[in-house]
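Now for the letters of each chain:
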Amino acid sequence: MKFNPDGNTGKSSILLIYTGGTIGMKVDPAEQALKPFDFSQILEEVPELGKFAYRIDYCTLDSVIDSADIEPSTWQTLAGLIRDKYDRYDGFVILHGTDTMAYSASALSFMTEGLTKPVIFTGSQLPIGVARTDGKENLISSVEIAAAKDSDGHAIVPEVCICFGNSLMRGNRTSKVNSEDFRAFRSPNCPNLAEAGISIRYNTNIIIRPSDWDRRPAFHTSLDTRVSILKLHPGITPQVVRNILCGPETRAVIIETYGAGNAPSREWFLDLVKEGISMGKVILNVTQCLAGSVNMELYATGKRLKDAGVAGGYDITTEGALAKLFYLMGRTEDNAEVIRGLDENLRGEITK
Ligand code: ASP
């Protein structure tokens, strides 16, 4: 990992962590192709950052990647880095590809418990070296939010967030919804934490604050990734459902159901769900709708899942559900405890 702790000095100090993605690309004049640029030149590319009276240090992960290549090991590296540098900085900004940013932000939210400082993910749809880039604005707003403090000197947003297209969203509530628009992310079930206009307007009622500002956060880096996702669709076959629900390698399965948590009422489907549960698997019901919540009491087709022992995901995103399971299963071998954790609102990821 390349680390440069010699940024300009000032009041707040921010650590910029570059993992890769479109934001860090520049056209290489020799090859006329996009290549990751050397982040030590960040102030040349975004001179506006120099106008802040902050110390901005940067570091780059050993291999800069397209976020399609993100693995839980990268999340462990990021959580470890934030843990090790926590006392030195007032906030952290993670530059990340947009494709899996919602997964990474969800994961980091569970891996950091009791945050007292902001961890802001951002990126861009157009590379930072391109004239109409959205990267500069996203980066500048992220740095400003990461450094923002209230009159008591506490961080205004001590959460893991995504800052993109003028909106600040709770990381574990987001999904990437557009592959072209500058407003690429949405948080359909949770209001945005801030909007960046002429000034940054914080939605302070929604922002989660720690119970004890003096307590160091807990960093959880153990993850159990034995989870698969079953997306229901008309025409799905018993063979496909069996492979996913009863596969020997998984400890948990997320079923992306219809609407308020409904699944086919055919007997074979329910039998396979019961078989998966009797094999000791955790089965979690999330909705494939972008907005709204699972309510397994509403329709008979949902009720049968609940009676079979399927856990309800409330209004969690699939990205959030995956990260929550990785985290909970990494903490315990006891599936009953995992199911209890799924029912709790741990980091603002569900509405209860
Ligand atoms: N493929 C890129 C990535 O996610 C896209 C982006 O950064 O917007 O790394």
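Structure shown above.
Cut-offs and rules
- Along each chain, residue indices are assigned from 1 in the same order as the chain's sequence is written.
- The predicted origin of the model limits local features to residues at a pLDDT of at least 70 and limits the giving and counting of side-chain atom pairs to 80 or more, whereas totals for whole chains, interfaces and linings rest on all residues.
- Side-chain numbers come from the whole structure's heavy atoms, not from hydrogens or water.
- Here a strand is any run of E in DSSP of at least two residues, a helix any run of H or I of at least four, and the numbering for each starts at the N terminus.
- The globule rule used here is 2.2 Å times the number of residues to the 0.38 power, and the radius of gyration it is set against is calculated over C-alpha atoms.
- Note on classification: 1.4 Å probe, protein chains only; a residue is buried when its accessible area is under 20% of the maximum for its type, exposed when over 50%, partly exposed between these limits.
- Contacts are residue-level and defined by heavy atoms, with any inter-residue pair within 4.5 Å sufficient.
- Here the open area of atoms and residues is found with the Shrake-Rupley method and a 1.4 Å probe, where only the protein chains shown may cover a residue.
- As used in this structure description, the phrase polar contact means that two N or O atoms lie within 3.5 Å; if the pair is within protein, one of them must be able to donate a hydrogen and the other to accept it, and residues adjacent in sequence are counted only when both atoms belong to side chains.
- The charge count treats Lys and Arg as positive and Asp and Glu as negative. His and the chain ends do not count.
- Put simply, a salt bridge is a Lys or Arg side-chain nitrogen that is within 4 Å of an Asp or Glu carboxyl oxygen.
- Here, proximity means that at least one heavy atom of the residue falls within 4 Å of the molecule or strand.
- Three categories are distinguished: nonpolar for Ala, Val, Leu, Ile, Met, Phe, Trp, Tyr, Cys and Pro, charged for Asp, Glu, Lys and Arg, and polar for the others, with Gly belonging to the last.
- The rule is short: rings of Phe, Tyr and Trp, with Trp giving its six-membered ring, pair when the centres are within 6.5 Å, and they are stacked under 30 degrees, edge-to-face over 60, tilted in between.
- The rule is short: NZ of Lys or CZ of Arg within 6 Å of the ring centre and within 35 degrees of the ring normal puts a charge over the ring.
- To estimate the expected span of a helix, count its residues, drop one, and scale the result by 1.5 Å.
- For two strands to count as paired, DSSP must find a minimum of two bridges between them.

Looking only at helices and strands, one finds nine helices and 19 strands in the protein. For 352 residues, the compact-globule estimate of 2.2 N^0.38 gives 20 Å, and the protein sits close to it at 21 Å. The dimensions of the protein, computed from C-alpha atoms along their principal axes, are 65 × 50 × 35 Å. Counting only residues that meet the buried cut, the protein has 55% of its 352 residues in that class. Sequence separation of 24 or more characterises 74% of the internal contacts of the protein that already satisfy a separation of 6 or more. Total accessible area computed for the protein in this model is approximately 15,200 Å², and 48% of it derives from carbon and sulfur atoms.

This next bit is on the environment of Arg183. Structurally, the position occupied by Arg183 is in the loop between β11 (175–176) and β12 (185–186). Exposure remark for Arg183: the relative accessible area of 43% places this residue in the partly exposed category. Sequence-wise, Arg183 and Asp134 are 49 residues apart; in three dimensions their C-alpha atoms are separated by 9.6 Å. Look past the residues within four positions of Arg183 in its chain and what remains in contact with it is Gly165, Asn166, Ser167, Val177, Asn178 and Glu195. Of note is the side chain of Arg183, whose polar atom sits 2.7 Å from the side chain of Ser167.

The residue Lys117 is located in the loop between β7 (112–113) and β8 (119–122) in this model. No salt bridge forms around the buried Lys117; measuring N to O, its nearest opposite-charge neighbour Asp87 is 5.0 Å away. Engagement of the side chain of Lys117 in a polar contact is seen with the backbone oxygen of Tyr86, the distance being 2.7 Å. Side-chain polar atoms of Lys117 contact the backbone oxygen of Tyr89, separated by 2.8 Å.

The next subject is the site of the ligand. Taken together, the neighbourhood of the ligand is formed by Gly21, Thr22, Asp66, Ser67, Gly97, Thr98, Asp99 and Ser124. Asp66 places a polar side-chain atom, nitrogen or oxygen, 2.9 Å from a nitrogen atom of the ligand. The contact in question runs from a nitrogen atom of the ligand to an N or O atom on the side chain of Asp99, over 2.8 Å. Its free accessible area being 270 Å², the ligand has 88% of it covered by the protein chains. The residue inventory of the shell around the ligand, partitioned by class, reads no nonpolar, six polar and two charged.

Right, let's talk about the packing of aromatic side chains for a bit. In total, this model carries eight aromatic pairs according to the counting rule given. Ring centres of Phe52 and Tyr54 lie 4.7 Å apart, and the angle between their planes is 15 degrees; this geometry places the pair in the stacked category. Taking relative accessible area as the criterion, Phe52 reaches 17% and is therefore assigned buried. Measuring from ring centre to ring centre gives 6.0 Å for Trp268 and Phe269, while their planes differ by 75 degrees; the resulting arrangement is edge-to-face. You can call Trp268 partly exposed: its relative accessible area is 23%. Through a chain of ring-to-ring contacts, the aromatic side chains of Tyr86, Tyr89, Phe92 and Phe219 assemble into a single cluster. It is Lys117 that lies over the ring of Tyr86; its NZ or CZ is 4.7 Å from the centre.

All right, on to the environment of Gly280 then. Relative to the helices and strands, Gly280 resides in the loop between α6 (267–278) and β18 (282–287). Put simply, Gly280 and Glu144 are 136 residues apart on the chain and 47 Å apart in space, counted from C-alpha to C-alpha. The contact partners of Gly280, leaving out residues within four places of it in the chain, are Arg251 and Asn335.

With 13 residues, helix α4 (residues 135–147) ought to run about 18 Å at 1.5 Å a step, and its terminal C-alpha atoms sit 18 Å apart, in line with that. Within α4, ten of the 13 residues are buried, leaving the element largely enclosed by the surrounding structure. Residues Gly135, Asn138, Leu139, Ile140, Ser141, Ser142, Val143, Ile145, Ala146 and Ala147 constitute the buried set of α4.

Looking now at the pairing of strand β3 (residues 25–28). Sheet analysis places β3 next to strand β4 (residues 33–36), joined by four bridges and oriented antiparallel. For Asp28, the partnering residue across the bridge sits in β4 and is Ala33. Linking β3 to β4, which pair antiparallel, is a turn of four residues; within it Gln32 sits at a positive phi near 50 degrees.

Attention shifts here to the pattern of salt bridges. This model, assessed by the stated rule, comprises 17 salt bridges. The salt bridge involving Lys176 is made with Asp99; its shortest N-O contact spans 2.8 Å. Residue Lys176 is located in strand β11, and its partner Asp99 is located in the loop between β6 (91–95) and α3 (101–111); the two are separated by 77 residues in the primary sequence. Across the pair Glu297 and Lys306 runs a salt bridge whose closest N-O atoms are separated by 2.5 Å. Judged by relative accessible area, which is 45%, Glu297 ranks as partly exposed. Using a relative accessible area of 39% as the deciding quantity, one classes Lys306 as partly exposed. Salt bridges sharing common partners tie together Asp224, Arg226 and Arg251.

Interpretation note: all reported values are geometric properties and have no functional meaning in isolation.
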